[in-house]
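For reference, the chains in residue letters:
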Amino acid sequence: MRLGSDGFVVEEGLDQHYEVLKELGDCHTALGHFDRARQCYEEAALLAPDNPGPHVGRGVIGLECGSMDEAERAFREALDADAACAEAWAGLAMVFQQRRQFSDAFEMYMKCLQRDPDNLAALLGLFQASRQMGTFARVIGYLEAYLDRHPGDASVLFCLASLYARDGRLREAEDALQAVLALLPESGDAAALLDEVRRRLAASPAEAHRP
Amino acid sequence: MTATPSHRGPLVTVLVPTFNRRRYLAEALRSLAGQTYANFEAVVVNDGGEPVADVVAALADPRFTLIERRDNRGKAASLNEGLARARGSYVAYLDDDDLYYPAHLAALLDALQAGGGCGAAYTDLYKVHCRVRPDGSRQVLGKIVNVSRDFDRFLICHFNHVLHVSLMHRRDLLDRTGPYNERLRVLVDWDMTRRLAFFTDFRHVPRVTGEYYAPVGPSDRLSYRQRLQRQAYLEQVLAVRTTRPAKPWPKMPDLAIILLAGRMDARAAGVLRQALLWTFMPYRVYLPLAAEDASRLRTDAPVVAVAPVAAGAGRAECLDAALGAADADFAAVVPPGVAPGLLWVEDALHAAVTSGAADRTAFLIRCAAGAPPWADADWPPVVLRLDALRRARAAAAGAPLAHALRAAGIAVRPPCDGERALQFDRLLQQAQAMEAEGNWAQAAWRYERLRARWANHRWMDERAARALFRAGGRDRQALELVRRLNRAQPTVDTLLLEAKLLRRGGAGDEAAALLERAEQILSGKALP
């Protein structure tokens, strides 16, 4: 029993059965038991028809099984239930990315990040899509904003450094990579990229002297 | 494995009042028929609803008796009619839309026969939130243990934390409490549990042994519909709170509130109203009044008594007149000059009841906030033992109260925090406020402290584990706590919490097994 600030009893547990089924579906998905997971999501959807969660779960199964049509259908159902569901936008983006429709994937990742700027999967997806498309400017802004909130996230910092490097912003790339190595001294990828950036800086005196 | 039913032991009478719930009644009765403790008689009382004879007959069980009544007279009348037929040494209750798990009666009987002098025992129940489909079937949304509260005599006078379906008590206690109050339309159960608390202690068995159903949205329950009529509901609340069974009360303190009004004016009427509204423990208000003022008194409250005094009598005479009439364990002296705002005697009463030095201490009553606590230093508003007050009056006859108390060696002080009534609930609310603000670690610490000081072990452990889980970085501690709970008896909530912790720790397969078990409980395929 929980009392609200007004002293009245607050009802708890109205979504408990849904939560158990959704959690169970997620567990079985992670364990690769997709049939049981699907069954759980379907039962969860009956309990909470307006909740996008079970549809997202089915979408993830589609992605895991390589069934992009099933995944797309499920993520779109999730968005029908709740157009602001960031996970569904990210899922849809992954479907497009798998289909090598990078421009669509890019847009979907952006929609996800507008709703949830901390969605790491979307950030990294956006990074990959942008590499495929050769466009960096919008992505860099998102990564920088994310790092302002999560300064210790080495994986995102490394992505940002590689985008700086590809965009020719070598001094910023060098700073970012040094920060990555301070966090993860064993990171071979960061060390290799730092070597490359420093070689390019040495070969380009104008760049090297830019503040 | 199904336990073999036990036919040995005392006879238990289970009362099953029913009204227009044929659909659920069959399931309720089957849950009773399947008890591991078999020596019971069930008295089903149809309170003028649709016929249920076929439902009872379908059980083909001679332990079940049906009383069919054509007129609808309410739950209290049904229970009284059932009790008139009862032969058992113990009485238990089952509502027509609720369920017992197979060991329900056995668990209660074990608790009652374990010694310690408890004449009543109760278990925990799942509150089953459900959506009722058009065909009447129930879609389960959650099964939670909404109330798992150790017995608290002060609390039972405020709030019914003993669900009737979870209760079993000695039948002979009803000779002391009297029958169910048939004038009540709601709170029938609370009225009886409160009255039982005058005569016995209750033993709490923190184990889930059944289910009661709570449909979402507007309910067909009488209690729900009646609560919508606020004024009528409050009158019923007051009727319960002012019920005083015949004395002696071996377990309940009685309080005499001595209102030294002087004149029966608007101010005195305001203070009297506050006393009636805000006193939850059993009490009687004694009003020392001259005949002229007594004639101006307008109240039908059964707990107000006039102590006649001569016109122009002083405070000391008024107090002595009230003392002459009062029959109680404790006295609350409310002098004139108390503002007719909040008058909260419960903290001082609780301090007096629980203090080891009640003979030598008078506890100050909390009066309206912001106003001086009392107008006259010679006449402090206090609660103390009635015999101590009489001793003080004898020590300094005719003197103001403060002088008399001093003369009798009785100290006057406010109750400290730990002595106040419902302190557990106050601290619990603070912990919940911490949760609402996201201070999970602090809330967990508070739950641990509450557990250490006020028991309610299972409930507090569960809240602490949940808070530790939300706090982050304390998963090991949370897991230890919730595992202990699940070893004792898993509930849906504790299984879900352990699963979340395991999943976060990377043990997905173990988490899935726990969640499957939770799902089985929710779908009725397994018992907790």
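One structure accompanies this document, and this report is about it. (Residues numbered from 1 in each chain as written. Chains lettered and ligands numbered in written order. Predicted model: local features only at pLDDT ≥ 70, side-chain atom pairs only at ≥ 80, totals over all residues. Heavy atoms only, no water.)

**Details of the overall build of chain A**
Next up, step 1: For chain A, the count of helices and strands is 12 helices and 2 strands.
Next up, step 2: The N-to-C order of helical and strand elements in chain A reads β-β-α-α-α-α-α-α-α-α-α-α-α-α.
Next up, step 3: Whereas a compact globule of 211 residues would reach a radius of gyration of roughly 17 Å, chain A reaches 21 Å, over 25% beyond that.
Next up, step 4: With the C-alpha coordinates aligned to their principal axes, the bounding extent of chain A is approximately 65 × 45 × 30 Å.
Next up, step 5: Working note: accessible area of chain A is about 10100 Å², and carbon and sulfur atoms make up 51% of it.
Next up, step 6: Mean positive and mean negative side-chain charge positions of chain A (21 and 35 charges, respectively) differ by 8 Å. (Helix = DSSP H or I, 4+ residues; strand = E, 2+ residues; numbered from the N terminus. Rg over C-alpha atoms; globule rule 2.2 N^0.38 Å. Areas by Shrake-Rupley, 256 points an atom, 1.4 Å probe, with all protein chains shown as cover. Lys, Arg positive; Asp, Glu negative; His and termini not counted. Charge placed at Lys NZ, Arg CZ, Asp CG, Glu CD.)

**Focus on the pairing of strand S11 (residues 283–289) of chain B**
Residue and element names in this part refer to chain B.
Next up, step 1: The buried fraction of S11 amounts to 6 of the 7 residues, a majority that puts the element mostly inside the structure.
Next up, step 2: With 4 bridges connecting them, strand S10 (residues 255–259) and S11 associate as parallel partners. Its bridge partner being in S11, Ala256 is matched across the sheet by Arg284.
Next up, step 3: Handedness of the crossover joining S10 and S11 through helix H10 (residues 266–278) is recorded here as right-handed.
Next up, step 4: Direction of pairing for S11 relative to strand S12 (residues 304–308): parallel, over a ladder of 5 bridges. Within S12, the position partnered with Leu287 by the bridge is Val306. (Buried < 20%, exposed > 50% of the residue type's maximum accessible area, 1.4 Å probe, protein only. Pairing = 2+ DSSP bridges. Right-handed = clockwise from strand over helix to strand, strands pointing away.)

**A short note on the sheet that holds strand S16 (residues 411–413) of chain B**
Residues and elements named next belong to chain B.
Next up, step 1: Spatial strand order, S12-S11-S10-S13-S15-S14-S16: 7 strands in an open sheet with mixed pairing. Two strands close off the open sheet at either side, each with one partner strand: S12 and S16. Neighbour-to-neighbour, the strand axes of this sheet turn through a mean angle of 25 degrees, independent of strand direction.
Next up, step 2: With 4 bridges connecting them, strand S13 (residues 330–334) and strand S15 (residues 382–385) associate as antiparallel partners. (Axes fitted to C-alpha atoms, helices over the stretch in contact; angles between N-to-C directions.)

**Some points on the pattern of salt bridges**
Two side chains that carry opposite charge are able to pair once their charged atoms sit near each other.
Next up, step 1: Under the definition given, this model contains 58 salt bridges over all chains.
Next up, step 2: Between Arg36 of chain A and Glu516 of chain B there is a salt bridge, with the nearest N and O atoms lying 2.7 Å from each other. Of this pair, Arg36 of chain A sits in helix H2 (residues 34–47) while Glu516 of chain B sits in helix H21 (residues 508–522), placing the two residues on different chains.
Next up, step 3: The closest approach of N and O atoms between Arg393 of chain B and Asp320 of chain B, which form a salt bridge, is 2.8 Å. Linking Arg393 of chain B in helix H14 (residues 386–395) with Asp320 of chain B in helix H12 (residues 315–325), this pair joins segments that are 73 residues apart in sequence.
Next up, step 4: You can call Arg393 of chain B buried: its relative accessible area is 5%.
Next up, step 5: Among the charged side chains, a salt-bridge network with shared partners connects Asp47, Arg69, Asp71, Arg73, Glu81 and Glu182 of chain B. (Salt bridge = Lys/Arg side-chain N within 4 Å of Asp/Glu carboxyl O.)

Bear in mind that shape data such as this cannot, by itself, settle questions of function.
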